[in-house]
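Listed below, chain by chain, are the residues.
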Amino acid sequence: MQVAVIVAAAVAEFAGWWFVSSGRADVRKLMPVVLGTMGLAAVLVRPPVAATRTGTITALLVGLGVGLALYVGTRVFVWLAARWSPFRRDVLEKYGQAGQVTLGRSLVLSLAIMVPGEELFWRGLV
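These numbers were taken from a predicted model, which means no experiment stands behind them.

Taking 1.5 Å of rise per residue, 20 residues should cover 28 Å, and helix 1 (residues 2-21) covers 28 Å from first to last C-alpha, within 8% of that figure. The set of residues buried in helix 1 consists of Val-5, Ala-9, Glu-13, Gly-16 and Val-20. Looking down the long axis of helix 1, one finds its buried residues gathered within 65° of arc, a one-sided arrangement. Turned more than 90 degrees away from the buried face of helix 1, the exposed residues are Val-3, Val-11, Phe-14 and Ser-21. Looking one or two places after helix 1, you find Gly-23, whose phi comes out positive at around 80°.

Right, let's get into the packing of aromatic side chains. Taken as a whole and judged by the stated rule, the model has three aromatic pairs. Arranged with centres 5.7 Å apart and planes meeting at 85°, the rings of Phe-77 and Phe-87 form a pair that is edge-to-face. Placement of Phe-77 in helix 3 (residues 56-81) and of Phe-87 in helix 4 (residues 85-98) is noted, with a sequence separation of 10 residues between them. On the accessibility criterion, Phe-77 (49% relative accessible area) is partly exposed. Relative accessible area serves as the criterion here: at 21%, Phe-87 is assigned to the partly exposed category. A ring pair is formed by Phe-121 and Trp-122, whose centres lie 4.8 Å apart and whose planes are at 90°; its orientation type is edge-to-face.

The rules behind each value
- Residues numbered from 1 in each chain as written.
- Predicted model: local features only at pLDDT ≥ 70, side-chain atom pairs only at ≥ 80, totals over all residues.
- Heavy atoms only, no water.
- Helix = DSSP H or I, 4+ residues; strand = E, 2+ residues; numbered from the N terminus.
- Expected span 1.5 Å × (residues − 1).
- Buried < 20%, exposed > 50% of the residue type's maximum accessible area, 1.4 Å probe, protein only.
- Arc of directions from axis to C-beta.
- Phe/Tyr/Trp six-rings, centres within 6.5 Å; stacked < 30°, edge-to-face > 60°.

Set out below in structure tokens:
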């Protein structure tokens, strides 16, 4: 059952992002449902297990290091991709749409639903 849930959820996330990227769905409407469901499925299949073999300081330093590396990688990608006019145009369009959503709603959708759901699934189950 665990493999079936992993495959189904991975296909659902791929399909969700495809719908969003092709303009057929709004990221703020579809992805909280998809990622929240993935997180719930992960918890139902196998409850999260704490990593007890790693010390708090080590985990914190590794987490900060990886977070910094991902941030820098994202900034480099955006810097390079911004030189490509279709990417720049699409980013400006998406940010324009995002301005229509309140900051509070965006934070709830991302920090309370999407991030935990994706983390519970990919890190907690897979």
